[in-house]
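Spelled out, the chains give:
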Amino acid sequence: MFRALRQKLINAYLSDEEKSRVERALKDMASTGFDPWGVNPDTLKASLASTIWLYRKYFRVATHGIQNVPPGRCLLIGNHSGQIPIDGMLIATSVLLERDPPRLVRGMVERWAPALPFVSTFFSRSGQVTGDVHNAKILLESDECVMVFPEGVGGSGKTIFHRYELQKFGTGFVRLAMETKTPIIPIGVIGCEEMLPSLSKLEPLSKALGIPYIPVLPTPFPLPTKVTIRFGEPILFEGNPDEPDAETHQKVEKVKNAIRAELDEGLKARGEKIFTGAGI
Amino acid sequence: MSRILITGASGGLAEIIAEKLKDKYELTGVDPRPLPEGKKFPGKFVQVDYRQRKMADVFRTNEFDALIHLGRVPSQIRLRKTQRFNQNVLGTRSLLELSLKYKVKSVIVLSTFHVYGAHQHNHLYITEEDPLLASQTYTEVIDAVELDNVSVAFSLRNPKVRTVILRPTNIIGLEIKNQMTNFLRSKVCPTLLGYDPMWQFIHESDMANAVQLALEGKKAGIYNVTGEGVIALSHAIGLTGATAVPVPEFLSSAVLGGFKLMGQHFPRHLVDFFKYPVVISDKNFRKDFGYEPKIMTADALRSLKPVPTLEDVKAPKTTERLDSHSS
């Protein structure tokens, strides 16, 4: 019964071209119908069917420079915002729907995600992988497209008053890129910072409860902001991945600047029209 | 002709391996259990506990070239923890010491991927260098971890004995009667609601091949071994023709209790394998021994599908007859 419902959902929301895009984005399929990371074409189609309406109709996503995502291994590094990882979902959907040929983006998700029932299964079937340096390395070595938000919860949990301010970046992604000789694609996401405007993180309470943040939201659901995703030019760092932290910090700064440049450009084009203006 | 000692000789895997090796080698099988009824071991068979003095005599009188140690008491056999520990850990140590004393050249030890443990923070494609986390949460698997440790320590201390420790994933097949195969053979398979981790399987004949490659190869060390591809647990259950019944986690103890009442002991530590993936990488074994799985995992799982027995076929006819009588 569940499979029949899933098939209905796929047929109702996806065109043949979109279905074929999913098939083309998958590689190294086993006899079991799964790729090496647990993605299955039917479940990937179903998850695309459940997000495509949000992508096309609700957030009316526009992209810029999507062909900057190369065919081989790459690390997508973007600004993180919006309390829940809608930005990650929209980036992954855009690379699947707009890039030629389509690619499956492997997002690195929080390390507590595998313990959540249903969520863990959904993540795994749609190509999301537990954020672990071993996982990222194996993925890059097999020429996959990996997405990381180095701000982590610092970025997604921030309040509306700090929108478009890049938070502290981890340095792991630069070392990983150098070790595996992977180009970094800086990404600026415009529109996600306003969709769930949090007024406070309720820090004392969230700390006491041991959770990253508790957003105070004036809206129960994400606002239909217009979202623009800008893919910057690839940045390739060469040299010793074991260099001192001070040098890695400079490289991290370079990536942050590239993201800032995309954000500035996009925000300038969009102006104050957060529901209608495109950042192109 | 080289002489080989196979432990756990009454088991299903030993039977397949012995059948494979019998024309090329002179085999001796040992097991604390008797041979199953109607089975014959292709060579000498001695029923002996590995810690008994009689075991030394088997070594003394045969001059083995290699030991294939398959005889691990799995955790579904209900033994007291100390008994299983003694049998597995002390038994293995005794076999390894005898191998050293009687100049056995190669030792192959069958460990298990269970030693890595199903852990929330596991990354995929676990390598041999990853820590053995299994006994962190469940002390009942300590014997499996210690068996592995004893063998690794032995191989490091005695480089002259070429020791290969294999850590295979779930071995499945018609001859195999481990907890996973028994589980997949049942008509209804309880799983954990909301979780559907990726699993790996290796078919018994690929496993037998792997053991032969380890025996005839040149390298020593610890090696993961797995079959082709990965598969979500629910799909694996579907391929065997069984029905997956998701159970909320808080009821899992009740389900295990139910299994116990039906005479099937399902160890608690395996429940975590229904929650978190333990996907291992065997690229080292492929590289060093030229291993390549031949049976596709989907086919291996389908082969477990129960074949309708004569009674199943007869059954509907009986009801028909009853119906006609009643009408």
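Everything here concerns the structure above.
Being a predicted model, the structure only gives us computed values, none of them experimental.

Q: Give a description of the packing of aromatic side chains that names residues and reports values.
A: For any two aromatic rings, the description comes down to two numbers: the centre-to-centre distance and the angle of the planes. Residues and elements named next belong to chain B. Inspection of the entire model under this criterion finds 16 aromatic pairs over all chains. Taking 5.7 Å as the distance between ring centres and 90° as the angle between the ring planes, the aromatic pair formed by Phe59 and Phe64 counts as edge-to-face. Classification of Phe59 by relative accessible area gives buried; the value is 1%. Owing to a relative accessible area of 3%, Phe64 belongs among the buried residues under this scheme. A connected cluster of aromatic rings, assembled from ring pairs, spans Phe183, Trp199, Phe201 and Phe274.

Q: With reference to specific residues and values, describe the pattern of salt bridges.
A: A complete count under the given rule lists 35 salt bridges over all chains for this structure. Salt-bridge contacts for Glu216(B) lead to Lys24(B); the nearest nitrogen and oxygen are separated by 2.8 Å. In this pair, Glu216(B) sits in helix H7 (residues 204–216) while Lys24(B) sits in the loop between helix H1 (12–21) and strand E2 (26–31), placing the two residues 192 residues apart along the sequence. On the accessibility criterion, Glu216(B) (33% relative accessible area) is partly exposed. In this structure, the salt-bridge partner of Asp299(B) is Arg302(B), at a minimum N-O distance of 3.0 Å. In this pair, Asp299(B) and Arg302(B) both sit in helix H11 (residues 297–302), 3 residues apart, roughly one turn of the helix. Residue Asp299(B) is classed as partly exposed on the basis of its relative accessible area of 42%. Salt bridges here are not isolated pairs; linked through shared partners, they connect Glu17(A), Arg21(A), Arg24(A) and Asp100(A).

Q: Could you give an account of the side chain of Arg175(A), naming the residues involved and the relevant values?
A: Residues and elements named next belong to chain A. When you line up the elements, Arg175 lands in helix H8 (residues 172–179). A polar atom in the side chain of Arg175 sits 2.6 Å from the side chain of Asp245. Setting aside residues no more than four positions away along its own chain, Arg175 makes contact with Pro241, Asp242, Glu243, Pro244, Asp245 and Thr248.

Q: Account for the interface of chain A and chain B, naming residues and giving values.
A: Contacts between the two partners involve 25 residues from chain A and, on the opposite side, 20 residues from chain B. Summed over both partners, the interface of chain A with chain B buries about 2000 Å², with 57% contributed by carbon and sulfur atoms. Here chain A and chain B share 1 salt bridge between them. Viewed at the interface, chain B and chain A are joined by 12 residue pairs in polar contact (both at pLDDT 80 or more). The residue makeup of the side of chain A that touches chain B, split by class, is 11 nonpolar, 9 polar and 5 charged.

Q: A description of helix H11 (residues 245–270) of chain A should follow, citing residues and the corresponding values.
A: Because each turn of an α-helix spans 3.6 residues, side chains separated by three or four positions end up pointing in the same direction. Residues and elements named next belong to chain A. Spanning 26 residues, H11 covers 37 Å between terminal C-alpha atoms, matching the ideal 38 Å at 1.5 Å per step. For H11, the full list of buried residues reads Thr248, Lys251, Val252, Val255, Lys256, Ile259, Glu262, Leu263, Gly266 and Arg270. On the buried face of H11, the contacting elements are strand E2 (74–78), H8, strand E6 (184–190), helix H9 (192–195) and strand E7 (228–231). The positive-phi residue at the C-terminal boundary of H11 is Gly271, with phi of around 70°.

Q: Can you break down the sheet that holds E7(A) residue by residue, with the values?
A: Residues and elements named next belong to chain A. Taken together, 7 strands build an open sheet; the order of strands is E1-E7-E6-E2-E5-E3-E4 and the sheet is mixed. The sheet is open, and its two edges are formed by strand E1 (62–64) and strand E4 (129–130), each paired on a single side. The pairing of E6 with E7 spans 4 bridges and is classified as antiparallel. Bridge pairing links Val189 to Ile229 in E7. Seen against the sheet, H11 touches E2, E6 and E7 and runs at an angle of roughly 35° to E6.

Q: Please set out the environment of Ser205(B) residue by residue, giving values where relevant.
A: Residue and element names in this part refer to chain B. As for its position among the elements, Ser205 is in helix H7. In this structure, the C-alpha to C-alpha distance between Ser205 and Glu249, residues 44 residues apart in sequence, is 35 Å. A polar side-chain atom of Ser205 sits 3.0 Å from a polar atom in the side chain of His203.

Each value, and the rule that gives it
- Residues numbered from 1 in each chain as written.
- Chains lettered and ligands numbered in written order.
- Predicted model: local features only at pLDDT ≥ 70, side-chain atom pairs only at ≥ 80, totals over all residues.
- Heavy atoms only, no water.
- Phe/Tyr/Trp six-rings, centres within 6.5 Å; stacked < 30°, edge-to-face > 60°.
- Buried < 20%, exposed > 50% of the residue type's maximum accessible area, 1.4 Å probe, protein only.
- Salt bridge = Lys/Arg side-chain N within 4 Å of Asp/Glu carboxyl O.
- Helix = DSSP H or I, 4+ residues; strand = E, 2+ residues; numbered from the N terminus.
- Polar contact = N/O pair within 3.5 Å; in protein donor to acceptor, adjacent residues only side chain to side chain.
- Contact = heavy atoms within 4.5 Å.
- Buried area = accessible area lost by both parts, 1.4 Å probe.
- Nonpolar A, V, L, I, M, F, W, Y, C, P; charged D, E, K, R; others polar.
- Expected span 1.5 Å × (residues − 1).
- Pairing = 2+ DSSP bridges.
- Axes fitted to C-alpha atoms, helices over the stretch in contact; angles between N-to-C directions.

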